[in-house]
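Here are the chains, one letter per residue:
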Amino acid sequence: MTTAGARPPKRPGNHGPGSRPPCEAVLLDLDGTLVLSEEVHRLAWQAFFDTWGVEVTDADYAQQYMGRRPSDVIAGVPGPWTGADAQAVLSTMTAFTLEHAGSVEVVPGAAALVRRLRVKYPVSVITSAGALWAQHLLDKVLGVRHLVDVVITAEDTTTGKPSPEGYLRACTALRARPDRCLAFEDSLSGVGALVAAGVQDIVGVTTTTAATDLTLAGARWTVPDLTAASVRSISGALRSDRPAAGRNDEEETEA
């Protein structure tokens with residue numbers, strides 16, 4: 001787990017009966033949510049499969065591999081790698097992934113959203129990827145590493161998504177209650193982890209998974225990207241208390 005600079009102060013709650021509790025923190029997945037990197041991971045996994053002479057269908061890949069920590073997959077999904085040196089296998093996967101790092105693109109609006117959110121709320125990134133990959137994306141691709149208070153990577157958890165461990169660790173580090181957090185995820189395993197952690201305000205980003213599937217898994221909203229226009233519908237969840245008189249939803253979303 002890595003941390004950044006001082007967090008912005010939490011604004012005091014002033015919510016009455018029927019109003020939304022104050023947002024205490026924002027939880028962000030990385031791959032597929034902030035960056036369009038799933039193709040890179042698919043290429044890395046394909047190189048891995050080719051090395052072991054294994055054929056994996058797209059359906060099996062989505063169900064057993066996508067959005068999960070390689071260490072969990074290698075330990076839990078039977079294959080010719082079963083019983084092999086886990087660290088050596090993971091090192092191979094990391095090399096395959098970093099080989100294609102240059103082709104990663106940013107989800108539209110992602111960097112700007114992090115900058116806007118960080119003005120008011122502590123922010124954490126929780127990823128199934130390793131620390132080297134997360135650092136590369138947050139620093140070199142998105143340019144927002146200095147704005148992220150806590151980064152939880154594969155090395156920081158015993159069990160990856162759909163286990164809630166990573167998200168719960170982030171909430172603990174931010175001193176935020178899960179049911180008072182807003183989260184963004186693109187995968188079914190990630191949404192499942194958030195639900196298990198007790199997070200209720202979940203935004204499903206439809207870069208890798210259909211909106212219907214994300215909603216069924218527990219997402220409250222779905223958006224195609226992270227531009228201001230797309231996330232305007234969730235402005236209510238971003239209020240840290242009741243808006244001041246004369247303030248509209250668009251101003252709240254842009255803040």
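Scroll up a little and you will see the structure.
Attention here is on the structure that accompanies the text.

Points about the pattern of salt bridges
Line of reasoning, step 1. Scanning the entire structure with this criterion turns up 10 salt bridges.
Line of reasoning, step 2. Here Arg 180 ties to Glu 24 by a salt bridge, and the two come within 3.8 Å at their closest N and O atoms. Residue Arg 180 is located in the loop between helix 7 (165-174) and strand 7 (181-185), and its partner Glu 24 is located in the loop between strand 1 (2-3) and strand 2 (25-28); the two are separated by 156 residues in the primary sequence.
Line of reasoning, step 3. Look at Arg 180 and you get buried, because its relative accessible area is 19%.
Line of reasoning, step 4. Look at the salt bridges and you will find they share partners, linking Glu 24, Arg 177 and Arg 180 into a network.

Re the layout of surface pockets
Line of reasoning, step 1. Its boundaries defined by the atoms lining it, the largest pocket holds a volume of some 600 Å³.
Line of reasoning, step 2. Lining the largest pocket are 34 residues; nearest its centre among them are Pro 70, Ser 128, Ala 129, Gly 130 and Ala 154.
Line of reasoning, step 3. In terms of residue count, helix 4 (residues 86-99) provides more of the lining of the largest pocket than any other element does, 7 residues in total.
Line of reasoning, step 4. Looking at side-chain class alone, the lining of the largest pocket contains 13 nonpolar, 12 polar and 9 charged residues.
Line of reasoning, step 5. Here the second largest pocket defines a volume of roughly 200 Å³.
Line of reasoning, step 6. In terms of lining, the second largest pocket is formed by Ala 62, Gln 63, Met 66, Arg 68, Ser 187, Leu 188, Ser 189, Thr 208, Thr 209 and Ala 210.
Line of reasoning, step 7. Only helix 2 (58-64) and helix 8 (188-197) provide two or more residues apiece to the lining of the second largest pocket.
Line of reasoning, step 8. Partitioning the lining of the second largest pocket into residue classes produces 4 nonpolar, 5 polar and 1 charged.

With respect to helix 5 (residues 110-118)
Line of reasoning, step 1. Counting buried residues along helix 5, 7 of its 9 residues qualify, which places the element largely inside the surrounding structure.
Line of reasoning, step 2. When we look at burial in helix 5, the residues that qualify are Ala 110, Ala 111, Leu 113, Val 114, Arg 116, Leu 117 and Arg 118.

Some remarks on the side chain of Thr 127
Line of reasoning, step 1. The residue Thr 127 is located in the loop between strand 5 (123-126) and helix 6 (131-141) in this model.
Line of reasoning, step 2. A distance of 2.9 Å separates a polar atom in the side chain of Thr 127 from the backbone nitrogen of Ala 129.
Line of reasoning, step 3. Apart from residues no more than four positions distant in its own chain, Thr 127 is found in contact with Asp 29, Leu 30, Asp 31, Ala 134, Ile 152, Thr 153, Ala 154 and Lys 161.

Some remarks on the packing of aromatic side chains
Each aromatic ring pair is specified by the distance between its two centres and by the angle formed by the two planes.
Line of reasoning, step 1. Applying the stated rule across the entire model yields 9 aromatic pairs.
Line of reasoning, step 2. Considering the side-chain rings of Trp 45 and Phe 49, the 5.7 Å spacing of their centres and the 25 degrees angle between planes classify their relative orientation as stacked. With a gap of 4 residues between them, Trp 45 and Phe 49 both fall in helix 1 (residues 38-52), about one helical turn apart. Side by side, Trp 45 and Phe 49 carry an identical accessibility label, which is buried.
Line of reasoning, step 3. Exposure remark for Phe 49: the relative accessible area of 0% places this residue in the buried category.
Line of reasoning, step 4. Connected via pairs of aromatic rings, a cluster forms that spans Trp 45, Phe 48, Phe 49, Trp 52, Tyr 61, Tyr 65 and Trp 81.
Line of reasoning, step 5. For Arg 220, the ring lying beneath its charged end belongs to Trp 221, and the centroid distance is 5.9 Å.

Re the side chain of Glu 38
Line of reasoning, step 1. Mapped onto the elements, Glu 38 comes out in helix 1.
Line of reasoning, step 2. No salt bridge forms around the buried Glu 38; measuring N to O, its nearest opposite-charge neighbour Arg 42 is 6.1 Å away.
Line of reasoning, step 3. Filtering out sequence-adjacent residues up to four positions away, Glu 38 remains in contact with Tyr 61, Met 66 and Thr 208.

The rules behind these values
- Residues numbered from 1 in each chain as written.
- Predicted model: local features only at pLDDT ≥ 70, side-chain atom pairs only at ≥ 80, totals over all residues.
- Heavy atoms only, no water.
- Salt bridge = Lys/Arg side-chain N within 4 Å of Asp/Glu carboxyl O.
- Helix = DSSP H or I, 4+ residues; strand = E, 2+ residues; numbered from the N terminus.
- Buried < 20%, exposed > 50% of the residue type's maximum accessible area, 1.4 Å probe, protein only.
- 1 Å grid on protein atoms, 1.4 Å probe; cavity = no way out; pocket = protein on both sides within 12 Å on 5 of 7 lines; lining within 4 Å.
- Points joined across faces, edges and corners; volume = space filled by probe spheres on them.
- Nonpolar A, V, L, I, M, F, W, Y, C, P; charged D, E, K, R; others polar.
- Polar contact = N/O pair within 3.5 Å; in protein donor to acceptor, adjacent residues only side chain to side chain.
- Contact = heavy atoms within 4.5 Å.
- Phe/Tyr/Trp six-rings, centres within 6.5 Å; stacked < 30°, edge-to-face > 60°.
- Lys NZ or Arg CZ within 6 Å of the ring centre and 35° of its normal.
- Lys, Arg positive; Asp, Glu negative; His and termini not counted.

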